[in-house]
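Working through the structure, step by step
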Amino acid sequence: MKQLNTRPGLLIYPCKKRLGRPWVTEITAALVHAATSIADKDLFLPQIPDAMTALENAAKIIKEGGVVAFPTETVYGLGANALNPMAVARIFEVKQRPSFDPLIVHIADLPQLEELSTSRDPRIGKLAEAFWPGPLTLILPKTDLVPDIVTSGLPTVGIRMPDHPLALGLIRASGCPIAAPSANKFGRLSPTRAAHVERHLPEVDFVLDGGTTRVGLESTIVRLEPDGFVVLRPGGITREDLVTVLPESAKTIESGGPEAPGMLDSHYSPSKPFYLYRPEILKRIDPLKAGFISFKGEMPASFLQTRTLAPKGDLKEYATKIFSALHELQESDVEVIIAEPLPETGIGIAIMDRLRKAAHPWQ
Ligand code: TXA
Ligand code: MG
């Protein structure tokens, strides 16, 4: 049984619209047990009524065609029944997402994968065994069961099995695969805490709070090709990790095109001007009005606000904190946000991909 990375008290925010008044119920680790039990199927624990009620409420909303924000190990997702086009349409509406940008479908077991994809490529089993549940999305040919709205009309569908008991529990309890983009307005910062969703997507029907997400960056997206694979979006699972499982040589990243709009030049942007640090920046902006995000704690000037994300130089620790730091600074009194560039090794590649896209409009 996997350990949930969450604080001891889990908060469940019920739908303000549906229930008429804002309230919050705190139900400790019971929910984690319940979710893990649903995820493990056999250990279903109906004797934890509060926890079961919470997940059942979320699942009921999904079944009725609503949208639920839920934690995954990467970032929070904005989920709806992937097989219900009207429900999926609400995701696009709430997120203000252009219809050309397809969604990832989240599954809880391999039989669901077989329903969603026509591919029986043996490499899928190898990747699933190595990385699922986990932060890897596979782009595969879709079956007719997958509505066109999910894939923006593409013949392929992005599928992943999230490594989070609440996500797996929700999929199981809803009885359907769940289509979910990151739970933020299109092009904005991804949410790594329930409060980020609450603030920026108040219209969502229900938010399951699983604390801060463990990985902090969106999944690695991979498309299998007859003679190799293509990484469409870098993430916590690196090209090297993939090559150890699929020793065939990896093709280089393809750029542009709407085939993975997460590859657009601008994405993940804070609402305030954001720069990657270089010394000339300090000639253009006043550091006393800026927030500076440092890797290990070195500051090139005195800033209004500073955040040090990884004092020991651990890029994984940085990845878990970067979106939260950007959220905090965009809500704070700073006028400009600056982040120090990072070494592009391991997950540093994925972090720099996000930071460059966040900075793109202002460079
Ligand atoms: O970690 C994650 O992947 C999170 C959590 C919630 O699972 N989800 C996420 O979703 O980051 P989203 O929608 O923010 O990013 C999904 C990316 C988009 O860039 C989309 O274009 C790409 O996946 N995508 C989805 N389906 C695709 C397809 N059939 N072909 C190519 N790219 C696809
Ligand atoms: Mg996103």
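Look above for the structure.
This text gives an overview of the structure that appears in the document. Given the structure is predicted, the values throughout are model-derived calculations rather than measurements.

Attention shifts here to the environment of Ile349. For Ile349, the position within the fold is in helix α13 (residues 347-359). Relative accessible area serves as the criterion here: at 36%, Ile349 is assigned to the partly exposed category. Counting along the chain gives 114 residues from Ile349 to Gly235, while the straight-line C-alpha distance between them is 7.8 Å. Residue contacts for Ile349: discarding those within four places in its chain leaves Pro234 and Glu344.

So, on to the sheet that holds strand β15 (residues 336-339). With respect to topology, four strands assemble into an open sheet ordered β12-β15-β13-β14, the strand pairing being parallel. Of all the strands in the sheet, the pair left with one neighbour each is β12 (274-276) and β14 (305-308). On average, adjacent strands in this sheet sit at an angle of 20° to one another, irrespective of strand direction. Where β12 lies against β15, three bridges are found, and the strand directions are parallel. Bridge pairing in β15 links Phe274 to Ile337. Where helix α12 (residues 315-331) meets the sheet, it contacts β12, β13 (290-294), β14 and β15, and its direction lies at approximately 175° from that of β13. Strand contacts of α13: β12 and β15, with the helix running at about 130° to β12, the strand carrying the most contacts.

A large share of strand β10 (residues 220-225) lies buried, amounting to six of its six residues. Side chains Thr220, Val222 and Leu224 project from β10 onto one buried face, and the interleaved Ile221, Arg223 and Glu225 project onto a second face that is buried too. As paired elements, strand β6 (residues 136-141) and β10 share four bridges and run parallel to each other. Within β10, the position partnered with Thr137 by the bridge is Ile221. Relative to strand β11 (residues 228-233), β10 is paired through five bridges, and the arrangement is antiparallel. What sits directly across from Leu224, in β11, is Phe229. From the end of β10 to the start of β11, which pair antiparallel, there are two residues.

What follows covers α13. In this model α13 runs 18 Å from its N-terminal to its C-terminal C-alpha over 13 residues, within 8% of the 18 Å that 1.5 Å per residue would give. With eleven of 13 residues buried, α13 is to be regarded as a mostly interior element. Of the residues making up α13, those classed as buried are Ile347, Gly348, Ala350, Ile351, Met352, Asp353, Arg354, Leu355, Lys357, Ala358 and Ala359. Close packing links the buried residues of α13 with β11, β12, α12 and β15.

Basis of the calculations
- Residues numbered from 1 in each chain as written.
- Chains lettered and ligands numbered in written order.
- Predicted model: local features only at pLDDT ≥ 70, side-chain atom pairs only at ≥ 80, totals over all residues.
- Heavy atoms only, no water.
- Helix = DSSP H or I, 4+ residues; strand = E, 2+ residues; numbered from the N terminus.
- Buried < 20%, exposed > 50% of the residue type's maximum accessible area, 1.4 Å probe, protein only.
- Contact = heavy atoms within 4.5 Å.
- Pairing = 2+ DSSP bridges.
- Axes fitted to C-alpha atoms, helices over the stretch in contact; angles between N-to-C directions.
- Expected span 1.5 Å × (residues − 1).

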